[in-house]
Amino acid sequence: YAGLALAQYASGRREEAMATWTRLGALGGDAASLAAEGLADAAVLEGRLPDARVILEKGIEDDAQANREEALGRKLALLGSIHLATGQPAKALALAERGRKATSADHVLFQVALVFLGAGEERKARAIADDLEKRLGVDARMYALILNGAVASRKKNHVEAVAKLKGAVQVV
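The rules behind these values
Residue numbers restart at each chain and count upward from 1, following the sequence in its written direction. In keeping with the model being predicted, local features are shown solely for residues with a pLDDT of at least 70 and side-chain atom pairs are shown and tallied solely at 80 or more, while totals for entire chains, interfaces and linings include all residues. For side-chain calculations, the full set of non-hydrogen atoms in the structure is used, while hydrogens and water are omitted. Runs of E in the DSSP output that reach at least two residues are strands. Runs of H or I that reach at least four are helices, and both are numbered from the N terminus. Three exposure classes are used, based on accessible area relative to the maximum for each residue type with a 1.4 Å probe and protein chains only: buried under 20%, partly exposed in between, and exposed over 50%. Here the expected length of a helix is defined as 1.5 Å per residue gap, with one fewer gap than residues. Pairs of residues are marked as contacts when any of their non-hydrogen atoms sit within 4.5 Å. Think of the arc as the fan of directions from the helix axis to the C-beta atoms.

*Asks:* With reference to specific residues and values, describe unusual backbone geometry.
*Replies:* Phi at Asn-67 takes a positive value of approximately 55°, unusual for a residue other than glycine. Looking at the element boundaries, Asn-67 is found in the loop between helix H4 (49-66) and helix H5 (69-85). Overall, the relative accessible area of 61% leaves Asn-67 in the exposed class. A positive phi angle, near 65°, is found at Lys-156, a position not held by glycine. Along the chain, Lys-156 falls in the loop between helix H9 (138-154) and helix H10 (158-171). On the basis of relative accessibility, which here comes to 65%, the residue Lys-156 falls in the exposed class.

Here you go:
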């Protein structure tokens, strides 16, 4: 269902995609968790941030109760990004902290670090980058380089930023 909904949305068949996400959600459990992410992503893409927030808050509650740690972390990071976009950095930081504690998945920690960075918590973003840099996986090292490049860019050190981002491309 998820692949179908994504293909439908990407090809401009929004209503079909929403119906597919809804059918997936009706299956409950992990499927409902994934459907909530899909519906929230669509709401964000369409600029319906209040709708995305409501969907994510319900999904966060459900994921926390079901111990779906990675899904919980993803939703917390996305909701944190929404709070950043709506000028609520304190809420974003609280969600990022929860997301960091929810899972150690590389891609989730990367998203959490971006929330920290967006809210001005460079030290916390760097700590995640340092952790990712020490991991064996290629993706983790790529995420670390991207984060370090973003930090360098924020400091107006564009030479270092470009070097880090080129390094991220070369890693993969």
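Now that the structure has been shown, the text picks up again.
*Asks:* Tell me what's going on with H5, and back it up with residues and numbers.
*Replies:* Its 17 residues place the ends of H5 24 Å apart at the C-alpha level, agreeing with the 24 Å of an ideal helix rising 1.5 Å per residue. In this structure, the buried side of H5 is in contact with helix H3 (29-45), H4, helix H6 (89-102) and helix H7 (106-118).

*Asks:* Provide a residue-level description of helix H8 (residues 122-133), including the pertinent values.
*Replies:* The terminal C-alpha atoms of H8, which comprises 12 residues, lie 16 Å apart, in line with the 16 Å expected from a rise of 1.5 Å per residue. When H8 is considered as a whole, its buried residues turn out to be Lys-124, Ala-125, Ile-128, Ala-129 and Leu-132. Down the axis of H8, the buried set is contained in an arc of 140°. They therefore lie on one face. Residues of H8 that are buried in the fold lie against H6, H7 and H9.

Everything listed is a geometric property; what it means functionally is a separate question.
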